[in-house]
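# Examination of the molecular architecture
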Amino acid sequence: MNLRQLEVFQAVMQTGNMSAAARLICITPSAVSKTIGHTELQLGYKLFVRAKGTLAPTPEARVLFEESTLIHRKLDELKRMAINLRQVDGGQVRLAALPSISHEFLPLVLEQHLTRYPRVNVEVRTLHQDQMVEALLTRRVDFALGFYTHPHPLLTNTVLVSGLLHLVVKADIWERAVRARRQNPMSFLTSMPLVRLVGEDPMCQSIDALARHLGHTATTGLQVHTSRLALELVRRGMGWTVVDFLTARNLDASLTAVPLHDFASISLQMYVATSTPPSQDALRMVGMLPGLLHQMMESSPPPRRE
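Report follows, based on the coordinates. Position numbers for residues start from 1 in each chain and track the written sequence from start to end. Since the coordinates come from a predicted model, pLDDT governs what is reported: local features require at least 70, and pairs of side-chain atoms require 80 or more to be given and counted, while whole-chain, interface and lining totals use all residues. Note that water and hydrogens are dropped before the side-chain values are worked out from all heavy atoms of the structure.

### Considerations on the overall build of the protein chain
Operational definition: By definition, any uninterrupted DSSP run of H or I lasting at least four residues is a helix, any uninterrupted run of E lasting at least two residues is a strand, and each is numbered from the N terminus. Every radius of gyration here is taken over C-alpha atoms, with the globule rule written as 2.2 Å times N^0.38, N being the number of residues. Type-normalised accessible area, obtained with a 1.4 Å probe on protein chains alone, sets the label of each residue: buried when under 20%, exposed when over 50%, and partly exposed for intermediate values. Note on contacts: a residue pair qualifies if any of its non-hydrogen atoms lie within 4.5 Å across the two residues. Charge counting treats Lys and Arg as positive and Asp and Glu as negative, with His and both chain ends excluded. Where a charge sits is defined by one atom per residue type, namely NZ (Lys), CZ (Arg), CG (Asp) or CD (Glu).
When its secondary structure is counted, the protein chain shows twelve helices and twelve strands. Relative to the compact-globule value of 19 Å for 306 residues, the protein chain shows a C-alpha radius of gyration of 26 Å, a clear excess of over 25%. The dimensions of the protein chain, computed from C-alpha atoms along their principal axes, are 85 × 50 × 30 Å. Across the 306 residues that make up the protein chain, the buried fraction comes to 48%. Within the protein chain, counting contacts between residues at least 6 apart in sequence, those at least 24 apart form 75% of the total. Put simply, the protein chain has 32 plus and 26 minus side-chain charges, and the middle of one group is 3 Å from the middle of the other.

### A short note on the packing of aromatic side chains
Using the following cut-off: When two rings of Phe, Tyr or Trp (its six-membered ring) have centres within 6.5 Å they constitute a pair, described as stacked for plane angles under 30 degrees, edge-to-face for angles over 60, and tilted for the intermediate range.
Under the counting rule described, the total for this entry stands at two aromatic pairs. Ring geometry for Phe 9 versus Phe 48: centroids 6.1 Å apart, planes at 50°, classification tilted. Here the residue Phe 9 occupies a position in helix 1 (residues 3-15), and Phe 48 occupies one in strand 1 (residues 48-51), the gap between them amounting to 39 residues. The exposure class of Phe 9 is buried, given its relative accessible area of 0%. Residue classification places Phe 48 among the buried residues on the basis of a relative accessible area of 2%.

### Focus: the sheet that holds strand 12 (residues 266-273)
Threshold: One bridge is not enough; two strands pair if DSSP finds at least two bridges between them. Axes here mean lines fitted to C-alpha atoms, for a helix over just the part in contact, with angles spanning 0 to 180 degrees between N-to-C directions.
The strand order across the open sheet formed by five strands is 4-3-5-12-6, and the pairing between neighbours is mixed. Lying at the two open borders of the sheet, with one neighbouring strand each, are strand 4 (121-126) and strand 6 (155-163). The average angle at which neighbouring strand axes cross in this sheet is 20°, direction not considered. Here four bridges tie strand 5 (residues 143-147) to strand 12, and the two strands are oriented antiparallel to one another. Within the sheet, the bridge partner assigned to Phe 147 lies in strand 12 and is Leu 268.

### Looking at the sheet that holds strand 7 (residues 166-170)
The strand order across the open sheet formed by three strands is 10-7-11, and the pairing between neighbours is antiparallel. The sheet terminates laterally at strand 10 (241-243) and strand 11 (255-259), the two strands that pair on one side only. The average undirected angle you get between the axes of adjacent strands in this sheet is 35°. One ladder, built from three bridges, connects strand 7 with strand 10; its direction is antiparallel.

### Thoughts on helix 9 (residues 203-214)
Here is the rule we go by: To estimate the expected span of a helix, subtract one from its residue number and multiply by 1.5 Å. The arc under discussion is defined with respect to the helix axis, by the directions toward the C-beta atoms.
Over its twelve residues, helix 9 runs 17 Å from end to end, which matches the ideal 16 Å to within 8%, given 1.5 Å per residue. The set of residues buried in helix 9 consists of Met 203, Cys 204, Ser 206, Ile 207, Leu 210, Ala 211 and Leu 214. The arc that holds the buried residues of helix 9, viewed along the axis, is 165°, so those residues lie on one side. Those residues of helix 9 that are exposed and aimed more than 90 degrees away from the buried face are Gln 205, Arg 212 and His 213. Elements that come into contact with the buried residues of helix 9 comprise strand 7, strand 8 (194-197), strand 10 and strand 12. Phi for Gly 215, located one or two positions after helix 9, is positive at around 70°.

### What about the packing of helix 6 (residues 106-116) against helix 12 (residues 280-299)?
Selection rule: Here the angle decides the label: under 35 degrees means roughly parallel, over 145 means roughly antiparallel, 65 to 115 means roughly perpendicular, and every other value means oblique. If you view the pair so one helix is near and one far, a crossing is left-handed when the near helix is turned anticlockwise from the far one by less than a right angle, and right-handed when it is turned clockwise.
With their axes 10 Å apart at the nearest point, helix 6 and helix 12 run at an angle of 125° to one another. Overall, the two elements helix 6 and helix 12 adopt an arrangement that is oblique. As for the relative orientation of helix 6 and helix 12, their crossing is right-handed in sense. Along the contact surface, helix 6 presents Leu 108, Val 109, Leu 110, Gln 112, His 113 and Arg 116, while helix 12 presents Met 285, Met 288, Leu 289, Leu 292, Gln 295 and Met 296.

### Digging into the side chain of Glu 104
Operational definition: When a carboxyl oxygen of Asp or Glu lies within 4 Å of a side-chain nitrogen of Lys or Arg, that pair is called a salt bridge. Polar contacts, as used here, are pairs of N or O atoms within 3.5 Å; protein pairs need one atom able to donate a hydrogen and one able to accept it. Residues neighboring in sequence count only if both atoms are side-chain atoms.
Mapped onto the elements, Glu 104 comes out in helix 5 (residues 99-104). Here Glu 104 sits buried without a salt bridge, and the closest side chain of opposite charge, Arg 228, lies 4.1 Å off (N-O distance). Side-chain polar atoms of Glu 104 contact the side chain of Asn 250, separated by 3.3 Å. Residue contacts for Glu 104: discarding those within four places in its chain leaves Arg 228, Leu 246, Thr 247, Asn 250 and Met 296.

### Things to note about helix 2 (residues 18-25)
Because each turn of an α-helix spans 3.6 residues, side chains separated by three or four positions in sequence point in the same direction. Within the span of helix 2, buried status applies to Met 18, Ala 20, Ala 21, Ala 22 and Ile 25. Contact partners of the buried residues in helix 2: helix 1, helix 3 (29-43), strand 1 and strand 2 (54-57).

### Looking at the side chain of Glu 7
Within the secondary structure, Glu 7 sits in helix 1. Of the residues examined, Glu 7 reaches a relative accessible area of 18% and is grouped as buried. Setting aside its immediate chain neighbours within four residues, Glu 7 contacts Ile 25, His 72 and Lys 79.

The following block contains the structure:
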């Protein structure tokens with residue numbers, strides 16, 4: 001089966017009739033019929049049984065459909081990549097970042113980039129770590145920003161800056177903890193609910209490690225998708241959580257961030273697809289990132305343990 005036959009076959013399998021398949025792939029019903037007939041002639045067996053205006057796939061067609069679906073999906077990815085490689089007038093940068101990076105760091109990046117390169121279009125996608133691979137490999141984005149090394153073998157990781165994790169708890173609760181257990185106030189939290197991130201977030205492992213270190217005994221807890229929601233729950237006195245060093249620098253007075261010196265630092269990393277390096281416009285933005293990160297780290301005072 002050539003690629004055109006595969007496309008038509010997939011369309012008929014997905015829609016169940018010639019007319020709908022023709023609309024799906026923008027050809028005529030007669031072209032669909034001729035392609036299916038020619039394919040059956042080449043293969044030497046029927047793909048569909050025609051009865052009362054409907055098409056029922058044969059057992060052979062079901063096997064071919066299952067095996068060819070991955071090929072068809074890769075073709076769709078290739079089409080998207082071909083479109084995404086197209087450059088627009090004036091240049092374009094497409095990037096993705098974790099929610100916490102999008103909220104805490106990217107506003108500064110976009111402000112400075114617009115000042116330097118006003119004619120370059122910028123598209124930002126807020127994605128979670130597990131969504132970045134497909135976006136990078138199909139070139140929907142030029143590069144992505146996240147914490148920790150991404151394990152995918154087709155991505156290249158570059159460390160931009162490193163910093164400490166921070167435990168975050170409501171300020172008045174931390175004050176009580178300091179008064180009650182001056183030598184080890186974090187032990188005060190062992191019976192409080194823990195606000196975790198969902199399992200696929202790499203930060204989840206760090207939060208769980210701290211909980212084990214504290215001997216956390218609370219039987220209830222919450223799992224949320226973003227640090228922002230976790231912080232809002234902490235602000236309401238519903239527990240404690242762990243955040244990255246960027247998020248810790250932008251907390252209001254109702255929260256206390258305690259730097260975790262005894263735990264390994266985390267690194268803010270840039271991910272790119274190894275086979276498709278970023279465009280020149282994207283590389284110019286990437287070149288701005290280290291300086292802006294250090295500027296932000298130096299301009300905002302670090303959270304201090306009370």
